[in-house]
Structures are given as structure tokens and as C-alpha cells.
Amino acid sequence: MERSGLARLGPALLLALLLSLTAVATYAAARRVHDGDRDQLTSDTHAAVTAIDRRLEDYGQVLRGAAGLYVASKDVSYKEFHDFFADQAVIQRFPGVQVVGFASYVPRAGLPAYARRVQREAARSGLDYPPFRIHPKLRPDAQEALVIDHMEPPPGNSAAFGLDFFSESNRRRAALLARRTGRPAATAPIGLVQARGSSLGFDIMVPVYGGPPSQTGAPRPWAGVVYAAFRTDNLLRGVLGMPGPDTDLEVYDLGPAATVPPDASLTNAAIAFDLRPGRANRSRNADHTRVETLEVAGRRWAVAFTRTSSTLSTSERAGPWVIAVAGILVSLLAAALLSALSTSRARAVRLAERMTGELREREEQLRRSNEELEHFAYLASHDLQEPLRTITSYVGLLESRVGDQLDERARGWLRFVSDGAGRMSQLITDLLEYSRTGRAGTETSTIELNEAWDHAVANLQHAIADAGATVTRGELPAVRARPRDMTSMLQNLIGNGLKYRGEAAPRVAARARHRDGRWEIAVSDNGIGIEPRFHDRVFGLFQRLHTAEEYPGTGMGLAIVKKIVESNGGNVRVESVPGEGATFLVTLPPPEDDA
């Protein structure tokens with residue numbers, strides 16, 4: 001009763017186990033899809049940040065070159081400044097730059113003379129400069145000014161001509177930082193006076209000194225700054241192009257790089273650019289957004305890159321679903337097979353117990369019981385074959401109806417299922433043959449091996465013809481064995497020589513000799529041979545030395561040969577050298593008269 005209950009629970013337990021494994025495999029596949037999207041998002045974010053960083057570095061090099069112009073000449077004329085930037089073609093080559101210019105550092109006491117000189121030289125230049133006016137008006141407590149007196153291009157930027165950078169706190173901090181460090185310094189996001197409408201931008205300033213560093217440590221005389229004003233939206237579109245509808249990009253100014261760590265959060269950060277205005281600072285899905293920071297001329301920026309759709313192909317995204325459906329189908333089929341096997345086993349046990357009782361009564365009942373058992377084994381194999389035929393039929397139906405809608409990978413999976421079902425069907429057939437081999441109830445008799453060999457060759461005539469093989473024998477003896485066993489044994493040995501052939505046409509030959517009171521039959525071939533370390537292993541159940549793609553089969557042939565020979569009172573071994581073929585040596589007892 002306990003064994004019967006366990007047999008009934010077996011299919012359910014197997015189904016639960018396989019469904020659990022399917023769930024794990026589906027989850028793992030879904031995680032791979034998720035990780036693929038995440039890695040691509042990270043890569044795209046890094047690519048965007050790298051492109052921005054390289055472009056701003058290019059701008060910095062241009063500004064350093066302009067600073068060198070002022071270092072080389074103490075009095076750069078308006079014509080020289082115009083020719084320098086006309087040659088560089090900065091505005092055309094670098095989208096986003098609104099204006100490039102120079103702002104002179106002027107103490108308060110020197111402002112009147114400075115204003116007259118700039119007005120005079122700008123008018124003489126012949127360029128389209130507006131009248132010069134320092135603005136906004138200096139505060140009473142201001143002791144110095146940093147005034148824009150050179151611009152390129154002048155048209156469209158007249159509002160910036162004469163602007164005092166020190167009048168606005170962001171520009172003042174950036175200018176003083178550049179003066180103190182000698183390196184480019186950027187402002188926080190600001191409204192550009194030279195841009196039309198409401199537009200956020202930023203300035204980058206490179207300091208220009210009036211002389212070399214002092215040997216005594218005194219501050220270097222400061223001439224002013226070369227600067228460039230950028231409109232952030234034009235800059236980023238020029239660097240990254242126009243993003244697609246499923247892409248969003250935001251840039252935040254986090255503050256001075258010296259005080260803000262690279263992993264700082266976006267809390268309270270100043271928005272510098274929003275591809276889709278009004279969506280900045282909204283809550284983000286961590287699976288769809290990546291944030292990466294970079295340093296821009298002394299300030300820390302954060303780039304938030306968002307993608308709302310996957311970049312993977314349809315087949316890659318469908319992978320978890322295919323695994324789930326296939327796993328469920330295989331689980332149900334396996335549970336059905338085990339259920340059929342468990343039911344058959346229980347019936348076999350009951351039948352065997354009844355046969356054991358009848359054996360004690362009379363021998364005739366044992367013979368009938370053996371016949372019933374053989375019939376039952378056939379029915380059991382038929383029950384096991386039926387689900388496999390169902391699998392093969394539905395796979396063929398699926399391929400014929402929707403095969404053109406599947407990609408190559410999915411069609412390969414269907415072929416794997418069909419091939420696997422075919423191999424399992426052949427395996428069940430071979431297992432049934434193995435189980436029948438050597439079964440008690442059939443008496444041994446004198447068997448002519450010449451006739452058994454000829455029957456085996458006749459059964460294999462199509463395979464022999466297809467392989468272009470030569471199959472010969474010498475005179476073979478009579479032995480004591482079961483009638484049907486010898487043909488099956490010789491057919492397996494000949495078939496083995498046909499299957500594992502080399503480049504030459506197969507040759508299989510048999511000979512016999514009398515040795516130590518028994519007959520030794522040698523079946524030789526010219527095939528690929530067997531390494532010595534595998535000579536014993538090849539007779540094992542399910543033992544294969546090659547893949548099914550190289551040499552089809554179930555690995556049962558030589559195991560059946562070994563069982564046939566041993567059940568008839570003999571033994572079998574192999575002698576072989578790789579590449580020189582193999583010889584299988586079968587020893588069998590002689591007929592009773594000879595013995």
C-alpha cells in the first residue's frame with residue numbers, strides 16, 4: 001500500500017520539480033533580458049557623457065589658444081581678434097557657442113580712460129561693434145570691473161558688449177576661480193544676455209595674465225579672461241544629435257567640483273538642460289534611467305539619460321516566454337510518461353507475484369505467464385511511444401503553420417524537440433529489445449551460424465548497399481544458443497562496422513576457430529577503431545564515444561550483444577587500434593554432441 005501511494009505521488013512530484021526548474025530558467029532568462037537592457041542603457045549613458053566631455057575639452061583648447069594670443073601680444077587689436085576666430089571658424093565648427101570674447105580686468109580708477117580707448121579702437125576697427133558702454137553701473141563699493149571689450153561675432157551680441165562680469169555673482173565666482181587657479185572655470189547655469197528669449201546657458205573663462213609668475217610669490221598681474229558663452233540646448237544637440245521619441249536627457253549643475261563628490265545625488269541640483277521641458281526632477285524608474293557625472297571646467301555636472309523602450313530584438317525579448325512554454329510542455333509530458341511507467345510497473349509487479357505463485361503449482365502456467373509478460377512489455381512500450389508521437393506531430397504542425405513567423409533560433413529549438421523525441425523513441429525500442437534479450441523460457445539448441453549470418457546480412461542489405469560496403473564470412477560453426485539471439489547478435493556487430501566507418505568503403509568479415517573446447521567467432525571491420533582505454537566501456541549500457549551528430553544511435557547495440565552472448569553461456573571482447581578498425585571476439589559453447 002505504501003509503495004502504491006508513492007507510485008501515485010511520483011508523477012505529481014516530478015511535475016512540481018520540473019515546473020520549479022522551468023520557473024527558475026524563465027526567471028534567469030528574464031534577468032538576462034533585463035540585464036541586457038540595463039547594460040545597453042549604461043553604455044549609452046557613458047557614450048553621451050564621453051561625447052559631451054570631449055566636445056567641452058575641444059572648446060577649452062580653443063580658448064587656451066585665444067589666451068595665447070593675448071599673452072603673445074600686449075595689445076591685441078580688434079582686427080587681430082576677428083581674424084583669429086575667423087580662421088578658427090569656431091561658431092561654425094562648434095554648435096552651441098553663442099559668442100567668444102575677451103573681458104579686460106580694470107581697476108575702478110582706470111575705467112574712464114579705459115572706456116574712451118575701447119570706444120575709439122572699436123570705431124576704428126571697421127567691424128560691426130555697437131557704441132561702447134560699461135553696464136550695469138558699478139556699485140559705489142565696487143573697486144574693480146571685468147568688462148567685455150572684444151567679441152566674435154559682434155552682430156547679434158551687442159547686449160554683451162561692455163558687460164561687467166563682476167556685476168553678476170555666478171560670473172564673478174567663475175572669473176575669480178580662473179584667476180586663482182590659472183585653469184578654465186565655468187559658471188553655474190545662467191541666462192545669456194546675448195540669446196533671444198529665455199534660454200539657459202553657461203560661460204567658460206580662461207585667465208590671461210599680464211606677465212610671468214613672480215619669483216617672490218606675489219600675485220601675477222591679471223589682464224582678464226578669454227571666455228565663451230554657450231547655449232546649453234544647442235550645445236547638446238550639436239554633440240548628441242536629436243534623440244528619438246523614447247529617449248530623454250537632462251543635465252544638472254551640482255556645484256563646484258572641489259566640494260561635490262562624483263556620486264552626489266540630484267537633490268536640489270540646478271537644471272541646466274531638459275530635452276522635454278517640464279519633466280525635470282520627476283521621479284525616475286531606476287531600470288530606465290542612468291545618471292553619470294563629469295567635471296566641466298571646475299564644476300560638477302550630472303547627466304540623466306532615460307530610455308523607455310528596450311533595444312533588444314524581438315527574438316531576444318521573447319526568449320523567456322519560449323522557455324516558459326517549452327518547459328511547461330516538457331514537464332507535462334514527462335509527468336505523463338512517468339505516470340504511464342509507474343502504472344505499468346505496478347501492473348508488472350502484480351503480474352510477477354501471481355506468476356511466482358503459479359510457478360509453485362505447475363510449469364505450464366509459467367510458460368503462459370511469460371507469454372503474457374512479453375505481450376504486456378509490448379503494450380507498455382506502445383504506451384511510452386504514444387506521448388512521443390504526440391510531441392512529434394504537434395512540433396511538425398507548429399512548424400508547418402507558423403514556421404515562417406519564427407526566426408532561425410526558434411526554428412532550431414523546434415528541430416531540437418523533434419530530434420529529441422525521435423532519439424527517445426529509438427531508445428525505448430532498444431530498451432525493449434535489451435529487456436527481451438536472454439529472457440528465460442526459450443531453450444537453447446544447435447544453431448548454424450552460417451544461416452544466422454546470412455539472415456543478418458539480408459536484414460541489413462539496404463544499409464550495406466547505401467554504405468557501399470563489402471560483407472564476407474568464412475565457414476562458421478554450429479553453436480549451442482537460443483535461435484533468435486544469434487541473428488540479432490551478428491546483425492548488431494555488422495551494423496557497428498557499417499556505422500563507425502572511416503573514409504574508405506566499409507569491409508566487414510567473419511571467421512571462426514576452435515579454442516579451448518569452445519568456438520571463437522571474430523567479426524572484423526576497417527572502421528575508425530577504438531582506443532584501448534575504452535575497450536571495456538563500449539559494452540556498457542548507454543555508453544557512447546561520439547556525439548549523436550557524428551554517429552547516430554542510442555549506445556545500446558554492443559550492450560545487447562554482450563547480454564546475448566553472456567545469456568548463452570559465452571563472453572565477448574574487442575581488440576582494436578584507433579584508425580585501423582576493430583575485431584570483436586565472441587566465444588560460445590559448441591553443440592551438446594561436440595561437447
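Just so it is clear, the model here is predicted, and its values are computed rather than measured.

Caption draft 1: Here's a closer look at unusual backbone geometry. The omega torsion of the bond from His135 to Pro136 falls at -10°, within 30 degrees of zero and hence cis. You can see Pro136 is positioned in the loop between α4 (111-124) and β2 (144-152). Unlike most non-glycine residues, Ala297 shows phi in positive territory, near 50°. If you trace the backbone, Ala297 turns up in the loop between β9 (289-296) and β10 (299-307). The backbone phi angle of Asp516 is positive, close to 55°, even though this residue is not glycine. The exposure class assigned to Asp516 is exposed, which follows from its relative accessible area of 73%.

Caption draft 2: Seen up close, the pairing of strand β6 (residues 222-231). Counting buried positions along β6 yields 8 of 10 residues, so the element is predominantly enclosed. Pairing of strand β5 (residues 200-209) with β6 involves 9 bridges; the strand directions are antiparallel. Across the sheet, the residue bridging to Val206 is Val226, located in β6.

Caption draft 3: Region of the structure containing the pattern of salt bridges. Applying the stated criterion across every chain yields a total of 17 salt bridges. A salt bridge links Arg172 to Glu144, with the shortest nitrogen-to-oxygen separation between them at 3.8 Å. Taken as a pair, Arg172 in helix α5 (residues 169-181) and Glu144 in strand β2 lie far apart in primary sequence, 28 residues in all. Here Arg171 ties to Glu168 by a salt bridge, and the two come within 3.8 Å at their closest N and O atoms. Judged by its relative accessible area of 6%, Arg171 is buried. You can call Glu168 partly exposed: its relative accessible area is 23%. Several salt bridges share partner residues, and in doing so they unite Arg513, Arg515, Glu520, Arg573 and Glu575 into one network.

Thresholds applied
Residues numbered from 1 in each chain as written. Predicted model: local features only at pLDDT ≥ 70, side-chain atom pairs only at ≥ 80, totals over all residues. Heavy atoms only, no water. Helix = DSSP H or I, 4+ residues; strand = E, 2+ residues; numbered from the N terminus. Buried < 20%, exposed > 50% of the residue type's maximum accessible area, 1.4 Å probe, protein only. Pairing = 2+ DSSP bridges. Salt bridge = Lys/Arg side-chain N within 4 Å of Asp/Glu carboxyl O.

Purely spatial values, then, with no claim about function.
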